[in-house]
Amino acid sequence: MSRKSPPLKKDARAILKIRLVGVACLFILFGMALGTRLFYLQVINHDELVALSKKQYADKEEIVYGRGVIFDRNQNTLAMNIEVESVHINPSRVKDKSYTARTLASHLNMDRGKVFGDLSSKQRPYWVKRKCNLEEVSKLHHLDLPGVRFISEQKRVYPKRELAASVTGIVGMDDKGFAGSEYFHQSILKGTTVHRVIEKDARGRNIRSVSELVKTKSKSRDVVLTIDEVIQFIAEHHLKKQVEKYEADSGMVLVMEPHTGEMLAMANVPQFNPNKYQAYPKEKRRNRIITHSYEPGSIFKPITAAAALDSGKVKSTDALFFCENGKFKIKSKTYREAANHKFDWLSLQNIIAKSSNIGSIKIAQELGEKQFYKYIRKFGFGKKTGIDLPGESAGLLTRQSGWSGLSLPSISFGHEIGVTPIQLATAWSAIANGGNLVLPQVTKLILNNGQVEKSFSPKIIRRVISEKTSRQMIEVLKNAVKNGTGTPAAVPGFETAGKTGTAQIFDWNSGSYSQNKYLSSFIGFVPADAPKIVVRVMIENPRKHHWGGVVAGPVFREISKEVLRYLNEPAKGERVFFLNHA
Amino acid sequence: MSQSNTKHQGCDLLLCITVAILVLFGLVMVFSSSAVYALEKHHDSLYFLKRQFIWLVIGCGVLWSARKTNYHLWERYTYPIMLGTFVLLLAVMFSGLGLEGGGAQRWLDMGFFAFQPSELAKFALVLFVAKSLVKRADKLRNFAYGYLPNLIVLGFFFVPIILQPDLGTAMIICAVTFTMMFVGGIRKKFLILSGLALIPFIASAIFSADYRMRRIMAFIDPWQDPKDAGFQVIQSFFAFGRGGTWGLGIGDSNQKLFYLPEAHTDFIFSVIGEELGFVGATALILLFFVFIWRGLMIAYRSRDAFGAHLATGMTLLIAFQAFINMGVTVGLLPTKGLTLPFISLGGSSMVVSMLCIGVLLNISDPKVRSL
């Protein structure tokens, strides 16, 4: 069909060569232009272009997803994440500013003037409202407003609302914890941070949802607390009831396992809802069990007694002390008993039971300043307990070298010393558990993808008193509940050890003790001879009534009763049936 | 010719090696530039790599077949191939089989894959021009008999392609045809004059389509409109700039993530520039030089005129496309929708490029006899 193509002749090949070289030259020129251009862009202009490109990366927003879950000790969820959407806007792409502002404000429940003001004044893209619930946003989706984007994010939620809020803590908009365990374990809980380009995509490519991201590369680490949500609920319930009944300013309850130092409940009233924490003043969100120190008052007396017994300066709980008939002058100061009681001779046991101030002074005087101070320190006062929560206070304790002649007598019954509830409970745990100071802990486990990565075993810090002293003190404190001021706290069916306290609140403004503001306290442990729980109750400024035994005692009783039942602790005379839960 | 008989026992080995390096490098870069996008769009970071690999396997098959096909057969079947390609081009426009993408209708739906007939059209046109230059060898200085037929056939391909619209491919077929005619010996006066005559048509094509006008304006000053028309070029500049001399390392391009559109197709050279730096980008240009050198050598050494013109055409097809693509990414030329041969993702481009290589290898084989 086609002609046989003729072989190239020599002269034709020569012409071909010249022309092919011409073509090659064309490409060499082209290539040189390319190379020059590349050199200009990549070597000469390198720095300038890098700087310019960085500027556009600034349009990325940081989004955090997959923050770890916080569980209670039985792995009930206390803090988790849900999917929400945030509204982002690029003012330069908005066509009708007033319409856009009006629409956004009405759907997102925002102030129209403010939305319009922002939209008019801002040049760069910004968040209109972050972490809106999906209903708010779903209608906006359909409107397809130019310049408005929706970014899928995760929001921290606390499904149990107020429950254990002061322990669990809260996170900010950027998903960084700033209180409680959320803060303390930020490095463990922190999710994955992605830099998401919000504006750059000129074609409006779909934005991945966060849940997809979580599925693709989730490496969450979760925190399991020692808190038991049932015990926490019991504590909060009874505390709240009493605070309301006595119209008190506030109250707190702490339930602790005395042998391991595990915190089973930490209740603060008034409560706050961490899901809308902004609505509460900062002071209300504090976990005052660890952040505030108070003058403990009478509940400090057993510490004085335990120190005296353990040092050997006081041989037995029956040792008698002369209580000066209710008036004891040291230097310029006259010490009196509460409610103008007048005691003559009291045994150590009765000094605690009757809560004699002068008796406590006498016991401390037996010890001497040096020994007394040493024991106070040994019990952990004047120093942070080291609990794994942020913001702990060390309390207030003057060094022994700075003591005035009045320090020893005042401290002996719990004045002139600032103590946090957690310090006191830890010291009392040492009395209850046979003499060891334990490290109080609220974190039980750290889980990595559901597997235990780290478990926090109980830590004994040091021995404070001997086992013998511990046993003696348990008897003393049992007696204080049975025959002393603590009777309303007695838990039916259980031997109860404890001590009441009623302190006048020191008014820092006037520099003196308030005449009508009281701190009603009770601290105790049950069952007294093999303690399961140490419970510290504190009610601040109750009206109507202020005696610790009357106000705080019943809270202790009710909480202990229910917690012991929950823990399947058999009461005396109770027939026990073990149910096989399997 | 006697020289080539003794020295070269088989086909051009250096060309084979160059192409092998190019396609393997292409696979790496397709994966690097598409993985994140693929994961986002198809939930599989290997999505595009797998597809490109399949196309490469098909391309190798095509290359092998073309290598084994006596190139004189192409001369014999030029007209049927041209006609078939022309029908396919019309099918894209008029039948329901045409697929749209990126604002243009360029693809033909073949059921399980989409084919771009304009890629095949380039090949068919080269066949025609090569055959025409041989057939009219003694009338080349005559305008009506030597020059005009080529121009008319070029027009037949040019019109449907520019209507798709695919300005890039249209420019390439013009460039290839005119260069082939220059090599073939058409009077330079004709070429220059027709080049001048084309100017009004090109101008009207640019001014008639708004997006072309914006692209040209963006080419002249991309910073005028950095958000829209100039966006691609500026992002490409950023990519090259960030790469610097040595590059950020394979896989470390930031621009490809969200900023650079078509990072795995039209702007893959920018990703190469960012990840491998000036050194890597220059090395790639040099590889294409090796290719051009081997291609033109095959043309020069070809035993007959058809082989010479065919080899020139095949080389020019790939060379023009490669250099225009790279020129666009560095801002030397206005933006077009052209892929980088062997490197970019794209099935039709890969298969036709491999076909060209197969033909070149066959021409380079001294054992091939004329029919």
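**With respect to the overall build of chain A**
No. 1: If you tally the helices and strands in chain A, you get 20 helices and 20 strands.
No. 2: Burial statistics for chain A: of 582 residues in total, 55% are counted as buried.
No. 3: Restricting the contact set of chain A to residue pairs at least 6 apart, pairs at least 24 apart contribute 74%.
No. 4: Surface exposure of chain A reaches about 26,400 Å², of which carbon and sulfur atoms provide 52%.

**Quick word on the side chain of His309 of chain B**
No. 1: Tracing the chain through its elements places His309 of chain B in helix α14 (residues 305-329).
No. 2: Setting aside residues no more than four positions away along its own chain, His309 of chain B makes contact with Ala130, Leu133, Val134, Met180, Val183 and Gly184 of chain B.

**Things to note about the pairing of strand β11 (residues 327-330) of chain A**
Residues and elements named next belong to chain A.
No. 1: Burial along β11 is one-sided: the residues Phe328 and Ile330 are buried and none of Lys327 and Lys329 is.
No. 2: With four bridges joining them, β11 and strand β12 (residues 333-336) adopt antiparallel strand pairing. Opposite Lys327, over in β12, you have Arg336 as the bridge partner.
No. 3: The loop that links β11 with its antiparallel partner β12 comprises two residues; one of these, Lys331, has a positive phi angle of about 50 degrees.

**Notes on the confidence of the model for chain A**
No. 1: When pLDDT is averaged along chain A, the result is 87, and 91% of the positions lie at 70 or above.
No. 2: Within the model, pLDDT remains below 50 along residues 199-212 of chain A, and this stretch shows 36 contacts once partners closer than five positions in the same chain are excluded.

**Observations concerning the packing of aromatic side chains**
No. 1: Counted by the stated rule, this structure contains 25 aromatic pairs over all chains.
No. 2: Here a set of aromatic residues connected by ring pairs shows up, and it is made of Phe27 and Phe30 of chain A together with Phe289, Phe320 and Phe323 of chain B.
No. 3: One cation-aromatic arrangement involves Arg130 of chain A over Trp127 of chain A; the distance from NZ or CZ to the ring centre is 4.6 Å.

**Things to note about the nonpolar core**
No. 1: If you look at the biggest cluster of nonpolar residues, it comprises 119 residues, and the most contacted ones within it are Phe269, Leu284, Phe288, Leu310, Phe323 and Ile357 of chain B.
No. 2: A total of 16 residues in this core trace back to one element, the largest contributor, which is α14 of chain B.
No. 3: Not counting residues up to four positions away in its chain, the partners in contact with Phe323 of chain B are Phe27, Phe30, Gly31 and Leu34 of chain A together with Ile285, Phe288, Phe289 and Ile292 of chain B.
No. 4: By size, the runner-up hydrophobic cluster in this structure holds 94 residues, among which are Ile299, Leu309, Leu346 and Phe525 of chain A.

**Overview of the pattern of salt bridges**
Residues and elements named next belong to chain A.
No. 1: Counted by the stated rule, this structure contains 26 salt bridges over all chains.
No. 2: Lys478 serves as the salt-bridge partner of Glu475, at 3.2 Å between the closest nitrogen and oxygen. Taken together, the positions of Glu475 and Lys478, both in helix α18 (residues 467-483) and three residues apart, correspond to about one turn of that helix.
No. 3: Linked through salt bridges whose partners overlap, the residues forming this network are Arg67, Arg156 and Glu182.

**Comments concerning the side chain of Asp166 of chain B**
Residue and element names in this part refer to chain B.
No. 1: Relative to the helices and strands, Asp166 resides in the loop between α7 (143-163) and α8 (167-184).
No. 2: On the basis of relative accessibility, which here comes to 1%, the residue Asp166 falls in the buried class.
No. 3: Within the local environment of Asp166, its side chain forms a polar contact with the side chain of Thr169, the two groups lying 2.7 Å apart.

**Concerning the packing of helix α1 (residues 10-44) of chain A against α8 of chain B**
No. 1: At a closest axis distance of 8 Å, the pairing of α1 of chain A and α8 of chain B adopts a crossing angle of 150 degrees. Considering the angle they form, α1 of chain A stands roughly antiparallel to α8 of chain B. Together, Leu16, Arg19, Leu20 and Val23 of chain A of α1 of chain A and Thr179, Phe182, Val183 and Gly184 of chain B of α8 of chain B make up the contact between the two elements.

**Some points on a positive patch on the surface**
All names here are of chain A.
No. 1: The grouping of Lys313, Lys315, Lys370, Lys374, Lys468 and Arg471 at the surface amounts to a positive patch.
No. 2: Elements supplying a minimum of two residues to the positive patch: α15 (369-378) and α18.
No. 3: Relative to the helices and strands, Lys468 resides in helix α18.

What counts, and at which threshold
- Residues numbered from 1 in each chain as written.
- Chains lettered and ligands numbered in written order.
- Predicted model: local features only at pLDDT ≥ 70, side-chain atom pairs only at ≥ 80, totals over all residues.
- Heavy atoms only, no water.
- Helix = DSSP H or I, 4+ residues; strand = E, 2+ residues; numbered from the N terminus.
- Buried < 20%, exposed > 50% of the residue type's maximum accessible area, 1.4 Å probe, protein only.
- Contact = heavy atoms within 4.5 Å.
- Areas by Shrake-Rupley, 256 points an atom, 1.4 Å probe, with all protein chains shown as cover.
- Pairing = 2+ DSSP bridges.
- pLDDT = per-residue confidence, 0-100.
- Phe/Tyr/Trp six-rings, centres within 6.5 Å; stacked < 30°, edge-to-face > 60°.
- Lys NZ or Arg CZ within 6 Å of the ring centre and 35° of its normal.
- Core = buried A, V, L, I, M, F, W, Y, C linked by side-chain atoms within 4.5 Å.
- Salt bridge = Lys/Arg side-chain N within 4 Å of Asp/Glu carboxyl O.
- Polar contact = N/O pair within 3.5 Å; in protein donor to acceptor, adjacent residues only side chain to side chain.
- Axes fitted to C-alpha atoms, helices over the stretch in contact; angles between N-to-C directions.
- Parallel < 35°, antiparallel > 145°, perpendicular 65-115°, else oblique.
- Patch = residues over 30% accessible without salt bridge, like charges linked within 9 Å, V, L, I, M, F, W, Y side chains within 5 Å.
- Lys, Arg positive; Asp, Glu negative; His and termini not counted.
- Charge placed at Lys NZ, Arg CZ, Asp CG, Glu CD.

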